[in-house]
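Summary of the model geometry
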Amino acid sequence: MNKVATQSHAAASPPTGTCYKVLLWEEGALAPEQLHAWQEARRNLLSRMRDAGIKGARGTLARLGEELRELSEQAVVRPLDTCAQAGLSLTRVGALAAKLQSEVTVLAYRLSPCSAAILVELSGEESLDELVKRWSSSTAELQWCTTPLIEALSAAEAAEWQESCRAEAGTSDDDTEADEENAAGFHHVTVLRTEAVEALQPAEGRVLVDATLGGGGHSELMLQSGATVWGIDQDPAARRAARKRLAAYADRLHIIAGNFRNAAEMLRAEGLEQVDGILADIGISSPQVDQADRGFSFLAEGPLDMRMNPAAPRSAADIVNTAAESELADILWQYGEERASRAIARRIVQERTKAPITTTTQLAAIIASVLPRKGKQHPATRSFQALRIAVNDELGALDALLESGLDLLKSGGRFAIITFHSLEDRAVKRYFDRVTRPEIDRPEWPAPRPNPEYAARLVTRKPIVAGEAELAANPRSRSAKLRIIEKL
Ligand SMILES: C[S@@+](CC[C@H](N)C(=O)[O-])C[C@H]1O[C@@H](n2cnc3c(N)ncnc32)[C@H](O)[C@@H]1O
């Protein structure tokens, strides 16, 4: 089934009484004749249920109820689950999410590009019909269906659905023992911790985005200052570790599962238009490299994976076993600056015709057979970096964050980025340069002209790097560069 992108949310409070699951969808998301047939059949079933109720025929009532559920599942829920209408986006439906929380107890919701499933518990002050009408009119730009699907759920059924939303959002508290161990064993030493956090001037009442939550090292310092933090990470293991580490700040920490390339869209769906600061500590975390089964390291046997988001469609093995030789060579050259890119790509293609390349050590040995070891660095270092960048489209995600970051900031808001290699730093430096120049000049122009993109000032001209103490304590900090701008 072609599942569409969804965004889920679940509140911490569990259901206590009767709950309602309301499914709203945009008119036009379902075929009119299909919808009409469902409405007819539903009307018919509801009137038979009313009759059975009057007669006290409980068995018939239960059977008809089940039939109604099955009919709605087939005619509405499943088609909506696969509907990705052109022109509709989570942001549009997400406008509703911003309005949900303040009105009643919203236990959970799941937004798709053209539908919203919302689990509510009523306080008794407002009827469900009034509530649904208000939701529909509060997002007038969306033409909601006039007959939403409403299902009454027992507290147990509601808790089950709430849990599934939580799991989908990567916020499951129902961790297995292995997850507990992973969370406890998530060791990532935060780089430029004070410098990066201070750059955002954290304080009570300020709203900050940690676009790369990881183990929560930077977020912790932000939270300690009293700020509210929205933490984004695409790796469920990182989110779990951060949630555990930062449990004491749960009221001010909001964790979002997703790629920071969609930060603006995801935050707007949560009702956040502008924030006081954004931090991105780009790249991978130590546990991603250290855990052999994530497939990032050539030093340990593991599946050739390298996905930060384990649900992403393309692993390193997919690229290595299916990409054309020229594409492989380009990846190794562009993202790894590997001079032997063509020879390595040729050898990979020769080897994969004999047997698929499925493990990290298998690929490392193939690369080493082309490129004998020189000095301290393993010959596979650059190729593994290149593949990792390609698998996670790291430069594409960084570009998207850069392009959307300033819009997300209030005037005076700060944007801080830590990079670990020259490709990333170049992208940040170029972008920061582009938006902080008041004027641009070209040789063919008689005089400089105002820069239409001018929107920020550089907080420090040169990047901030790790000091001696940090370098001694954490060798990974050697290549870290922190650049900061402030929106005008
Ligand atoms: C260097 S670690 C961040 C460590 C964190 N600052 C700390 O102190 O614990 C980078 C994290 O960002 C996440 N990440 C990298 N690229 C991402 C992207 N495009 N979208 C969301 N998360 C991303 C990784 O999964 C990883 O957990």
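Residues numbered from 1 in each chain as written. Predicted model: local features only at pLDDT ≥ 70, side-chain atom pairs only at ≥ 80, totals over all residues. Heavy atoms only, no water.

Around the ligand sit 23 residues in total, of which Thr190, His218, Asp233, Phe260 and Asp281 are the nearest. Contact between the ligand and His218: a nitrogen atom at 2.9 Å from a side-chain N or O atom of the residue. With the chains in place, 99% of the 600 Å² that the ligand exposes on its own is no longer accessible. Looking at the shell around the ligand, its residues break down into six nonpolar, 14 polar and three charged. (Near = heavy atom within 4 Å. Polar contact = N/O pair within 3.5 Å; in protein donor to acceptor, adjacent residues only side chain to side chain. Areas by Shrake-Rupley, 256 points an atom, 1.4 Å probe, with all protein chains shown as cover. Nonpolar A, V, L, I, M, F, W, Y, C, P; charged D, E, K, R; others polar.)

With that settled, the discussion passes to helix H2 (residues 58–81). Taking 1.5 Å of rise per residue, the 24 residues of H2 would be expected to cover 34 Å, and the 32 Å separating its terminal C-alpha atoms lies within 8% of that figure. Along its length, H2 shows its largest kink, about 40°, at Glu73. Along H2, the residues classified as buried are Leu64, Leu68, Ser72, Ala75, Val76, Pro79, Leu80 and Asp81. Turning to H2, the residues buried within the fold contact strand E2 (19–25), helix H1 (32–55), strand E3 (105–112), strand E4 (115–121) and strand E5 (149–153). (Helix = DSSP H or I, 4+ residues; strand = E, 2+ residues; numbered from the N terminus. Expected span 1.5 Å × (residues − 1). Bend = angle between axes of the 7 residues up to and from the residue. Buried < 20%, exposed > 50% of the residue type's maximum accessible area, 1.4 Å probe, protein only. Contact = heavy atoms within 4.5 Å.)

With that settled, consider the pattern of salt bridges. Under the counting rule described, the total for this entry stands at 24 salt bridges. Lys481 is the partner of Asp425 in a salt bridge, and the nearest nitrogen-oxygen pair spans 3.8 Å. Here the residue Asp425 occupies a position in helix H18 (residues 422–436), and Lys481 occupies one in strand E14 (residues 481–487), the gap between them amounting to 56 residues. Overall, Lys481 belongs to the partly exposed group, its relative accessible area being 32%. The salt bridge involving Arg483 is made with Asp425; its shortest N-O contact spans 2.7 Å. Here the residue Arg483 occupies a position in strand E14, and Asp425 occupies one in helix H18, the gap between them amounting to 58 residues. When salt bridges with common partners are traced through the structure, they connect Arg69, Glu151 and Glu157 into a single cluster. (Salt bridge = Lys/Arg side-chain N within 4 Å of Asp/Glu carboxyl O.)

With that settled, consider H1. Here H1 is 24 residues long and its end C-alpha atoms lie 35 Å apart, about the 34 Å a rise of 1.5 Å per residue gives. Of the positions making up H1, those classed as buried are Leu35, Trp38, Gln39, Leu45, Met49 and Ala52. In this structure, the buried residues of H1 make contact with E2, H2 and E5. Just downstream of H1 lies Gly56, where phi reads positive at about 75°.

In this section: the side chain of His188. Take His188: it is sitting in the loop between helix H6 (177–184) and helix H7 (193–199). For His188, a relative accessible area of 17% translates into the label buried. There is a polar contact of 3.0 Å between the side chain of His188 and the backbone nitrogen of Ser286. Ignoring anything within four residues of it in the chain, the contact list for His188 reads Asp281, Ile284, Ser285, Ser286, Pro287 and Arg476.

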